[in-house]
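Reading the structure
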Amino acid sequence: MLDRLQALADRYEKLSELLCDPDVSSDPKRLRELSKEQSDLQEAYDAYIAYKQAMGQLEDARMMLEEKLDAEMHEMVKMEIDELTELTTQLEEKIRVLLLPKDPNDDKNVIIEIRGAAGGDEAALFAYELYRMYTKYADTKGWRVELMDYSENDLGGFKEVIFMINGKGAYSKMKYESGAHRVQRIPVTESGGRIHTSTSTVAVMPEVQDVEVEILDKDIRVDTFCSSGAGGQSVNTTKSAVRVLHVPTGIMATCQDGKSQNDNKVRALAVLRARIYDVRRQEEEAKYAGERKSKVGTGDRSERIRTYNFPQSRVTDHRINLTMHKLDAIMDGDIDEIIDTLTIAEQAEIMERESIGV
């Protein structure tokens, strides 16, 4: 680990030199690439420097303990050794996590699709509430939400909603939300007061660039139509909504919430690229079964990952057996504790796999 850290520190310091080079500063593309590389190394570099300083102080304190000291000074040095030992242990653990392989998509924006599944109108209403939960969570992070496409039912729920969250690290947080979300409650449509179980599915995909998924004009078919509102009712007379079909794969994307037909086409292509990339990623991950498959990773939309029980104000994430009794706060976007716990669980899995060479 120390060898890897020293190599990382050497690279960080080399980047500092390069960023001061006039040839680099006059090349915006090169400057941007090197700045990002250094930014990615910053946290691990700072932790390593802090670790080296703490280890140096610990060595000095241990040497002092070998000298002839009065009782009071001896006790003070022992306390300092205990504190520095605890600090170095914490820094070692932090550094191990920082050195884990990083998901290349973690810093990207995300495209999220939520669909009402089993449960009809109740599932659509819950899909709307999940959308609201994620938009409120995005607000707490300072991220920007763009609604891209939606289909409502007559009660104001979403049969389907597609939106983008723009913000650094959005995918690193939101990727754990992919899967089936189950709700248990008395629906507004239920006159008998019986608790029903419904599900809505969530798919989280990283935004991808043209260079990552190339879509050729000859491979797509573009159709335009009028935007629609609740129940499929047409809400305007101009054909601003756009549907794009990728003929080789049969994958389709629609966007109707932009200001113009061209704006909707750009957004639909962004969704199309994300869907194509997601299919390829899932095919690749399917090759790695058994011990390599993460229990808390990105999941597929058919896997039940979480239950929201309204009568008991209980939320349970089944992947990590985490149960919380603060449903109202969670539905208002307070999902950091769930996401942080999932992140830690995944990191522990990766560390275990690395330790046994899987």
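Residues numbered from 1 in each chain as written. Predicted model: local features only at pLDDT ≥ 70, side-chain atom pairs only at ≥ 80, totals over all residues. Heavy atoms only, no water.

This brings us to the sheet that holds strand S3 (residues 158-166). Taken in spatial order, the eight strands make up an open sheet running S2-S3-S1-S5-S4-S9-S10-S11, and their pairing is mixed. Whereas interior strands pair on both sides, the edge strands pair on one side only; in this sheet they are strand S2 (144-152) and strand S11 (322-324). Averaged over all pairs of adjacent strands, the angle between strand axes in this sheet comes to 15°, irrespective of strand direction. By the bridge criterion, three bridges tie strand S10 (residues 314-317) to S11 in an arrangement that is antiparallel. Note that in S11 the partner of threonine 316 across the bridge is threonine 323. Of the strands in this sheet, strand S1 (110-116), S2, S3 and strand S5 (196-206) touch helix H7 (residues 261-286), which is tilted by about 85° from S1. (Pairing = 2+ DSSP bridges. Helix = DSSP H or I, 4+ residues; strand = E, 2+ residues; numbered from the N terminus. Axes fitted to C-alpha atoms, helices over the stretch in contact; angles between N-to-C directions. Contact = heavy atoms within 4.5 Å.)

The subject of this paragraph is the pairing of S5. Counting buried positions along S5 gives nine out of 11 residues, so the element sits mostly inside the fold. Sheet analysis places strand S4 (residues 179-185) next to S5, joined by seven bridges and oriented antiparallel. Counted as the bridge partner of glycine 179 is valine 202 from S5. (Buried < 20%, exposed > 50% of the residue type's maximum accessible area, 1.4 Å probe, protein only.)

Next up on the list: the sheet that holds strand S6 (residues 220-225). The three strands are arranged S6-S7-S8 in an open sheet whose pairing can be described as antiparallel. Bordering the open sheet on either side are S6 and strand S8 (251-255), each of which pairs with just one other strand. Neighbour-to-neighbour, the strand axes of the sheet open up by a mean angle of 15°, direction not taken into account. As judged from the five bridges shared by strand S7 (residues 241-246) and S8, these two strands associate in the antiparallel manner. Each bridged residue has a counterpart across the sheet, and for arginine 243 the counterpart in S8 is threonine 254. Strands S6, S7 and S8 of the sheet are contacted by H7, whose axis makes an angle of about 145° with S8.

A residue-level look at the protein finds 89% of positions with pLDDT of 70 or above and a mean pLDDT of 85. Note that pLDDT drops below 50 for residues 230-235; the model gives that stretch 13 contacts with residues more than four away or on any other chain. (pLDDT = per-residue confidence, 0-100.)

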